[in-house]
Amino acid sequence: MASIWQRRFSRRGVLAAGAGLAAVLALGASKCATIATVALRNGRVFTGTGEPVIERGTVACYGGIIIAVGADDEIALGRETRIIDCDGAFVMPGIIDTHVHVTETLIRRERLLGGWLRAGVTTIRDTGTIWQGPALLRSLANELGLAPRIIATGGIMTVPDGYPTSRGPTGVAGSMIVDGVEGAAEAVAYTLDAGAEFIKIAVETGRPGGHLLEDVGEPTLSLAQVQAITAAAHARGAQVTAHVTNEWELRRALDGGVDSLAHTPNDRI
């Protein structure tokens, strides 16, 4: 199946198909989809809506946009429609990888993103890069050609000497220092103005275990700081993802109002 997509579709076409499929499914299959310019025919179509796989299905497109999805016998195609026979192939919406870090990969000009796209990963979410990250990532990805859509944040928000600054030069470059509660709004504004589409914070001492390790591990964001960051991000319409490694950090993140977690706790039971 990957070879079919690779041969037949441009990057723009693949991204449009992956993004448009879910929206069109709500409209149902059309028996009059004769305006299609290209159609994937005779494949096993997984819609992602909870409905059973369509054993012999059609995905009809016009101008790079999906206009109909359904069983082969439910969708009539015009004579001008270019048909791609997908017999034996599995057709599905694009896969979204919600946690990657690709800054170094792109700076080294490694051509990995094209392989991800050909494998069906049409969107990646970079959960922590350098301060200039979002614009830099997209620029480098464009230079390399074929690549998934990139949703990115900037530096991971932390406190002085907090994670990930302790992870060497890369950690320092990938950190956005928040100085007190009053610095939260400024850090959020800087990150979003630089092109970030969400905010990433670190609530970690660097040592898995109970809350007492907050006193002996690396410093981390206080509850008041997490709440201030979240409030500032939400005021701008952005969500907040928290890096946590144990149960008390998880509680702090949730009490602070974050929207999602980048990891799950790994406490020893």
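A brief structural summary. (Residues numbered from 1 in each chain as written. Predicted model: local features only at pLDDT ≥ 70, side-chain atom pairs only at ≥ 80, totals over all residues. Heavy atoms only, no water.)

**Details of the packing of helix H7 (residues 184-193) against helix H8 (residues 223-235)**
Running from N to C, H7 and H8 cross one another at 40°; their axes reach a closest spacing of 8 Å. In terms of orientation, H7 lies oblique with respect to H8. H7 and H8 meet at a crossing whose hand is right-handed. The segment H7 lies against H8, with Ala-184, Ala-185 and Val-188 engaging Gln-225, Ala-228, Ile-229, Ala-232 and Ala-233. Grouping the constituent residues of the contact of H7 with H8 by class yields seven nonpolar, one polar and no charged. (Axes fitted to C-alpha atoms, helices over the stretch in contact; angles between N-to-C directions. Helix = DSSP H or I, 4+ residues; strand = E, 2+ residues; numbered from the N terminus. Parallel < 35°, antiparallel > 145°, perpendicular 65-115°, else oblique. Left-handed = near helix turned anticlockwise from the far one by under 90°. Contact = heavy atoms within 4.5 Å. Nonpolar A, V, L, I, M, F, W, Y, C, P; charged D, E, K, R; others polar.)

**Quick notes on the sheet that holds strand E8 (residues 149-152)**
Taken in spatial order, the three strands of this open sheet run E6-E7-E8, and their pairing is parallel. With one partner strand each, in any of the chains shown, strand E6 (95-100) and E8 form the two edges of the open sheet. Averaged over all neighbouring strand pairs, the angle between strand axes comes to 20°, with direction disregarded. Pairing of strand E7 (residues 121-126) with E8, which is carried by four bridges, proceeds in the parallel orientation. Looking at the pairing, Asp-126 lines up with Ala-152 of E8. Against the sheet, helix H5 (residues 133-144) makes contact with E7 and E8, and its axis sits at roughly 165° relative to E8, the strand it touches most. (Pairing = 2+ DSSP bridges.)

**With respect to the packing of aromatic side chains**
Each aromatic ring pair is specified by the distance between its two centres and by the angle formed by the two planes. Tallied over the entire structure, the rule returns one aromatic pair. Between the NZ or CZ atom of Arg-125 and the centre of the ring of Phe-198, over which it lies, the distance is 4.0 Å. (Phe/Tyr/Trp six-rings, centres within 6.5 Å; stacked < 30°, edge-to-face > 60°. Lys NZ or Arg CZ within 6 Å of the ring centre and 35° of its normal.)

**Some details on the side chain of His-243**
Summarising the element assignment, His-243 is placed in strand E12 (residues 240-244). A polar contact is formed between the side chain of His-243 and the side chain of His-263, at a distance of 3.3 Å. Here His-243 is in contact with Tyr-163, Lys-200, Ile-201, Ala-202, Val-203, Glu-204, Ala-262 and His-263, once residues within four sequence places are set aside. (Polar contact = N/O pair within 3.5 Å; in protein donor to acceptor, adjacent residues only side chain to side chain.)

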